[in-house]
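# Examination of the molecular architecture
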Amino acid sequence: MAHCAALLDALNEERNDRLQHFVEWSPDRRRVTLTFYPFMGLWAHKFMRFSKDLNPDDPMLYRLPDEWLPGDLLAPARYILTETINFRLNNHVHPCLYPDSRGLYFKTDSLLSGLYVSLALEALGKGEQRALCKREGCGNHFTIEHGSQKYCSERCNKRAYEQRKRDKSSVTV
Ligand SMILES: [Zn+2]
């Protein structure tokens with residue numbers, strides 16, 4: 001989990017120095033080795049190698065995807081992240097419809113699976129977004145629940161509205 005979160009951070013910040021711990025290109029850039037950090041021995045293999053030159057004697061060598069540009073770290077690192085998350089979600093998470101049919105939620109069998117769901121949403125850019133309340137003097141941080149939300153609470157929303165109304169009338173008087 002920690003490696004997975006570190007990888008997501010490195011991807012989001014495009015930190016090549018950190019992505020190099022996961023993705024290593026050969027000097028001629030025809031081959032790339034991806035490192036999966038195993039968690040309690042669950043991985044069948046720790047490394048995956050992709051190459052432009054396939055070798056029939058080496059069935060563990062995969063064809064280098066065309067969309068991975070030689071030397072690029074981001075696309076291969078994203079592959080590690082998605083493979084790891086998919087492995088973690090497989091058979092542990094079940095989508096369910098809310099009783100009012102307005103959306104889907106994910107039922108998980110453990111706290112760890114729940115954390116991987118959060119990570120998956122984060123990877124999609126749909127993780128929790130926090131913001132500072134826009135009402136002067138409030139100073140609260142809050143979780144944005146809908147796109148245009150500016151205030152931490154209904155109370156601040158009302159107060160800010162009343163403040164705007166007061167400001168307006170004091171200008172026009
Ligand atoms: Zn507030």
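Overall, mixed pairing links the four strands, which are arranged E1-E2-E3-E4 in an open sheet. The outermost strands of the open sheet, each flanked by one partner alone, are strand E1 (23-25) and strand E4 (61-63). In this sheet, neighbouring strand axes are inclined to one another by 25° on average, regardless of whether the strands run parallel or antiparallel. As paired elements, strand E3 (residues 47-51) and E4 share three bridges and run parallel to each other. Bridged to Arg-49 within E4 is Leu-61. Along the sheet, helix H3 (residues 74-89) makes contact with E1 and strand E2 (31-35), crossing E2 at roughly 35°.

Counting 15 residues, the largest nonpolar core has Leu-7, Leu-19, Phe-22, Val-23, Ala-77 and Leu-81 as the members making the most contacts within it. Those elements that place two or more of their residues in this core are helix H1 (2-12), H3 and helix H4 (111-123). At four residues, the largest contribution of residues to this core is made by H1. When neighbours within four sequence positions are excluded, Val-23 is seen to be in contact with Val-32, Leu-34, Leu-73, Pro-76 and Ala-77.

The terminal C-alpha atoms of H4 lie 18 Å apart, and with 13 residues this matches the ideal 18 Å at 1.5 Å per residue to within 8%. Within H4, the full set of buried residues consists of Tyr-116, Leu-119 and Ala-120. Buried residues of H4 fall within an arc of 100° about the axis and therefore sit on the same side. Here the buried face of H4 lies against H1 and H3. Immediately downstream of H4, the backbone of Gly-125 shows phi near 80°, a positive value.

Our next topic: the pairing of strand E6 (residues 104-108). Summarising burial for E6: zero of the five residues are buried, a small minority. Bridge count between strand E5 (residues 93-97) and E6: five bridges; the pairing is antiparallel. Residue Val-93 lies in a different strand from E6, and its bridge partner there is Thr-108. Between the end of E5 and the start of E6, which pair antiparallel, lie six residues, with Ser-101 showing a positive phi angle near 60°.

Given a rise of 1.5 Å per residue, 16 residues ought to cover 22 Å, and the 22 Å separating the end C-alpha atoms of H3 matches this to within 8%. Residues of H3 that are buried include every one of Pro-76, Ala-77, Ile-80, Leu-81, Thr-84 and Arg-88, and no others. All buried residues of H3 lie within an arc of 145° about the axis, which places them on one face of the element. For H3, the exposed residues set more than 90 degrees away from the buried face come down to Thr-82 and Asn-86. Looking at the buried positions of H3, the neighbouring elements they touch are H1, helix H2 (16-19), E1, E2 and H4. Residue Asn-91 follows H3 closely and has a positive phi angle near 70°.

Cut-offs and rules
- Residues numbered from 1 in each chain as written.
- Predicted model: local features only at pLDDT ≥ 70, side-chain atom pairs only at ≥ 80, totals over all residues.
- Pairing = 2+ DSSP bridges.
- Helix = DSSP H or I, 4+ residues; strand = E, 2+ residues; numbered from the N terminus.
- Axes fitted to C-alpha atoms, helices over the stretch in contact; angles between N-to-C directions.
- Contact = placed C-beta atoms within 7 Å.
- Core = buried A, V, L, I, M, F, W, Y, C linked by C-beta atoms within 7 Å.
- Buried ≥ 20, exposed ≤ 12 C-beta atoms within 10 Å, placed from the backbone.
- Expected span 1.5 Å × (residues − 1).
- Arc of directions from axis to C-beta.

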